[in-house]
Amino acid sequence: MKTLQTFEPEPALGGLAHTPADRPEPILRAGNTNCGGCGMSIGWQLLSRAVADRPVQLVIPASCSIVTAGTYPFSAYGAPIVASTFASAAAVASGLAHAARLNGEKTRVLCWAGDGGTYDIGFATISAAAERNEDILFICYDNEIYGNTGGQRSSATPQNAWTTTTPGGKDVPKKDLLGIMAAHRIPYTASVSMAHLDDAHRKLEHALATPGFRFLHLLAPCPTGWKSEPAESVSLVRMAVDSGLYAVYEVFDGNRVRINIDPTMSDSALERYIASQGRFRKGHADLKALRGEIDASWRELRARAGWASEEATR
Ligand SMILES: Cc1ncc(C[n+]2csc(CCOP(=O)(O)OP(=O)(O)O)c2C)c(N)n1
Ligand code: SF4
Ligand SMILES: [Mg+2]
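Residues numbered from 1 in each chain as written. Chains lettered and ligands numbered in written order. Predicted model: local features only at pLDDT ≥ 70, side-chain atom pairs only at ≥ 80, totals over all residues. Heavy atoms only, no water.

**Remarks on helix α5 (residues 123-131)**
Inference 1: Within the sequence span of α5, burial applies to Ile126, Ala129 and Ala130. Buried residues along α5 cover an arc of 100 degrees about the axis, so they all sit on one side. Pointing more than 90 degrees away from the buried face of α5 are the exposed residues Ala124 and Glu131.
Inference 2: Residues of α5 that are buried in the fold lie against α3 (89-102), α4 (115-120), β6 (137-142) and α6 (177-182).
Inference 3: Taken from the residues just after α5, Asn133 is the one with a positive phi, measuring 55 degrees. (Buried < 20%, exposed > 50% of the residue type's maximum accessible area, 1.4 Å probe, protein only. Helix = DSSP H or I, 4+ residues; strand = E, 2+ residues; numbered from the N terminus. Arc of directions from axis to C-beta. Contact = heavy atoms within 4.5 Å.)

**A short note on the packing of aromatic side chains**
Inference 1: For the structure on display, the rule yields six aromatic pairs.
Inference 2: For the pair Trp226 and Tyr273, a centre-to-centre distance of 6.4 Å together with 75 degrees between the ring planes defines the contact as edge-to-face. Taken as a pair, Trp226 in helix α8 (residues 223-226) and Tyr273 in helix α10 (residues 267-275) lie far apart in primary sequence, 47 residues in all.
Inference 3: Look at Trp226 and you get buried, because its relative accessible area is 0%.
Inference 4: Note on Tyr273: relative accessible area 3%, which makes it buried. (Phe/Tyr/Trp six-rings, centres within 6.5 Å; stacked < 30°, edge-to-face > 60°.)

**Considerations on the pattern of salt bridges**
Think of it this way: side chains of opposite charge can pair up when their charged atoms draw near.
Inference 1: Taken as a whole, this structure holds 14 salt bridges when the rule is applied.
Inference 2: For the salt bridge of Asp142 with Lys174, the shortest nitrogen-to-oxygen distance reads 2.5 Å. In this pair, Asp142 sits in strand β6 while Lys174 sits in the loop between β6 and α6, placing the two residues 32 residues apart along the sequence.
Inference 3: We note a salt bridge from Arg279 to Glu144, for which the minimum N-O separation is 2.8 Å. Pair noted here: Arg279 is in the loop between α10 and α11 (287-304) and Glu144 is in the loop between β6 and α6, with a separation of 135 residues, a long-range link. No difference in accessibility class separates Arg279 from Glu144, as the two residues are buried.
Inference 4: Each of Asp199, Arg202, Lys203, Glu250 and Arg258 takes part in a single network of salt bridges with overlapping partners. (Salt bridge = Lys/Arg side-chain N within 4 Å of Asp/Glu carboxyl O.)

**Considering the site of ligand 1**
Inference 1: Around ligand 1, 15 residues are found, and the nearest of them are Gly116, Gly117, Tyr141, Gly147 and Asn148.
Inference 2: A distance of 3.0 Å separates an oxygen atom of ligand 1 from a polar backbone atom of Cys64.
Inference 3: At a separation of 3.0 Å, an oxygen atom of ligand 1 approaches a polar backbone atom of Ile145.
Inference 4: Contact with the protein chains hides 71% of the accessible area of ligand 1, taken as 580 Å² for the molecule alone.
Inference 5: For the shell around ligand 1, the leading source of residues is α4, giving three residues.
Inference 6: Looking at side-chain class alone, the shell around ligand 1 contains six nonpolar, eight polar and one charged residues. (Near = heavy atom within 4 Å. Polar contact = N/O pair within 3.5 Å; in protein donor to acceptor, adjacent residues only side chain to side chain. Areas by Shrake-Rupley, 256 points an atom, 1.4 Å probe, with all protein chains shown as cover. Nonpolar A, V, L, I, M, F, W, Y, C, P; charged D, E, K, R; others polar.)

**Focus on the environment of Ser88**
Inference 1: Mapped onto the fold, Ser88 is located in the loop between β4 (81-84) and α3.
Inference 2: In this structure, the C-alpha to C-alpha distance between Ser88 and Gly122, residues 34 residues apart in sequence, is 6.9 Å.

**Some thoughts on the site of ligand 2**
Inference 1: Around ligand 2, the neighbouring residues are Asn34, Cys35, Cys38, Cys64, Asn143, Cys222, Pro223 and Thr224.
Inference 2: Of the residues in the shell around ligand 2, the class split is five nonpolar, three polar and no charged.

**So, helix α1 (residues 39-51)**
Inference 1: The end-to-end C-alpha distance of α1, which contains 13 residues, comes to 18 Å, matching closely the 18 Å that a straight helix rising 1.5 Å per residue would cover.
Inference 2: Extensive coverage of α1 is indicated by the burial of 10 of its 13 residues.
Inference 3: The set of residues buried in α1 consists of Gly39, Met40, Ser41, Gly43, Trp44, Leu46, Leu47, Ser48, Ala50 and Val51.
Inference 4: On its buried side, α1 packs onto β2 (56-61), α2 (64-68), β5 (108-114), β6, α7 (197-209) and β8 (214-219).
Inference 5: Trailing α1 by a residue or two, Ala52 shows a phi angle of about 45 degrees, which is positive. (Expected span 1.5 Å × (residues − 1).)

Structure representation (structure tokens):
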């Protein structure tokens, strides 16, 4: 049964500001329409916990996340949300951040977008807002496909993954968006694992408190698109981290790199990660080649963090 609640805009402020008293509930309310085991839903719970009673405004471009909101006058969200086009999300958020500053509000402005909206279609305004160092926290929940429209490939889709537009498996690797965002020399760039809650919470807290453009990347399993078990979403992220596939690190001002989790580089975690997802079941995943690519990317990351190449501890 749906339990969507009515969203009543605050007349004097156009519905865009709220005080802590307005949100005694999580940002994403219970009874929303997301699939079971949706990593994006888990991401919202993490964000809600970090935001706590801070006043926030959110911009969400086209994605599963904006479908989640429901139809006016209902909303599954317990915070003010602007639904934007893909291309304008970071520009809309820039405007909101400037308005908040000029009005003397303490509101934090956040963009919450999928990989399609971040890596691909919205990238121009994201890059521009990052270059201007706008006071925005941009969070990309990355389910590695265009989930909302039926599971087409994005530039975040991993190599060999089956999608509706890569029926033989994607033939090029995932784009290194974290590296690209860090190259903008923004104050804070980090990857967030939903399987490592203390680290995730610390990063969200830091990102909320830091001024300027901050970028967080959240690997967000999508049971529907990944053809995985809903109950395994958090375990899948843990496997991705343990195997070295998902590097958990942060970059300050584009140059100081800190690795947060030193993975065991477990081959069995990598095997289980691939075997647990139907999107890799077309037989194209080459584990040996994947291991080689993971090792190479870790050599590079370790060098950037100032670690000796074989250093095994934090
Ligand atoms: C310019 C434009 N092109 C295409 C669409 C159709 N569209 C809506 S949501 C979506 C997929 C979004 O993918 P992503 O950003 O990864 O979010 P997800 O659906 O996976 O949550 C697409 C292609 C659109 N709304 N606007
Ligand atoms: S399609 Fe994927 S991202 Fe979209 S609501 Fe379902 S599980 Fe979540
Ligand atoms: Mg997506």
